[in-house]
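Spelled out, the chains give:
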Amino acid sequence: IPGGQKLAVVGHTGAGKSSLIKLITRFYEFQSGDLLVDDRDIRCLDLSQYRRQIGLVPQAPFLFSGTVADNIRYGRPEATIEEVLAAARQLGGGEWIADLPHGMDTDVGERGARLSLGQRQLVALARVLLQDPSVFILDEATASIDPFTETQVQDGLDTVMNGRTSIIIAHRLSTVRSADRIIVLKQGRII
């Protein structure tokens, strides 16, 4: 995938889309073949340094007990509150923050239970913006949200993907429409 390109990966359930992401992020180790980043085998890279360069938003993002600001800051613990706010405001002009009962100080609850799935996705996207990774991976993050919230998230995705190498796994055409290239997987192979 050339740097800065948006690659969409589509295919039926079980085709290998999420497994591909787990290989790229090194959540799974592979037994054969090569996976190279800048012509270097990812198994030779320092794992923590490598993962700092990857921003991942899964279908169901994990939020920790604490505030919205705390959860965004998780992407870069040393960030100031001004930097956290700036990242959040890049998504939908920050309007979503006004919808929260206490703004950035809203307690998300255990695993983000006090937020809608769309709001959790926006927190996860703000976390990635604050982290500022080189590679952005979206794993079906719009699959379970309503069309109105999808519009807010889609605008956020455009912001996050701007200038980054992006890998987008999705079923909805609206999510992959802006991709530079679309590949189709079937039974673990590109068809």
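What counts and what doesn't
Residues numbered from 1 in each chain as written. Predicted model: local features only at pLDDT ≥ 70, side-chain atom pairs only at ≥ 80, totals over all residues. Heavy atoms only, no water. Salt bridge = Lys/Arg side-chain N within 4 Å of Asp/Glu carboxyl O. Buried < 20%, exposed > 50% of the residue type's maximum accessible area, 1.4 Å probe, protein only. Pairing = 2+ DSSP bridges. Helix = DSSP H or I, 4+ residues; strand = E, 2+ residues; numbered from the N terminus. Contact = heavy atoms within 4.5 Å. Axes fitted to C-alpha atoms, helices over the stretch in contact; angles between N-to-C directions. Arc of directions from axis to C-beta.

A.B. asks: Whenever I open this one, the pattern of salt bridges confuses me. Can you help?
C.D. replies: Opposite charge on two side chains permits pairing when their charged atoms draw close. Taken as a whole and judged by the stated rule, the model has six salt bridges. Residue Arg26 is joined to Glu29 by a salt bridge in which the shortest nitrogen-to-oxygen separation is 3.2 Å. With relative accessibility at 13%, the residue Arg26 sits in the buried group. Glu78 is paired through a salt bridge with Arg76; the nearest N and O atoms lie 3.2 Å apart. Three or more residues are tied together by salt bridges with common partners; here these are Arg76, Glu78 and Glu83.

A.B. asks: What's the story with the sheet that holds strand β8 (residues 189–190) in this structure? I'm lost.
C.D. replies: Strand pairing in a sheet relies on backbone hydrogen bonds, with the paired strands running either antiparallel or parallel. The strand order β4-β5-β6-β1-β7-β8 describes an open sheet built from six strands, whose pairing is mixed. Taken across any chain shown, the strands that pair with only one partner, and hence form the sheet edges, are β4 (54–57) and β8. Of the strand pairs in this sheet, strand β7 (residues 181–186) and β8 are connected by two bridges, and their pairing is antiparallel. The residue of β8 that forms the bridge with Lys186 is Arg189. Across the face of the sheet, helix α6 (residues 117–131) comes into contact with β4 and β5 (135–139) while running at roughly 175 degrees to β4.

A.B. asks: Looking at this structure, I do not really get the pairing of strand β1 (residues 6–10). What am I missing?
C.D. replies: Looking along a regular strand, one sees the side chains alternate between the two faces of the sheet. Counting buried positions over the five residues of β1 gives five, a clear majority of the element. Going residue by residue along β1, you find Lys6, Ala8 and Val10 tucked away on one face and Leu7 and Val9 tucked away on the opposite face as well. Relative to β7, β1 runs parallel, the two sharing four bridges. When the bridges of β7 are listed, Val10 appears paired with Val184.

A.B. asks: What am I meant to see in helix α4 (residues 81–89) here?
C.D. replies: In an α-helix, one turn spans 3.6 residues; hence positions three or four apart end up facing the same way. Turning to α4, its buried residues are Val84, Ala87 and Ala88. One face of α4 carries all of its buried residues, which in axial projection span an arc of 100 degrees. Within α4, the exposed residues directed more than 90 degrees away from the buried face are Glu82 and Arg89. Structurally, α4 contributes buried residues whose contacts are with α3 (68–73), α5 (95–98) and α6.

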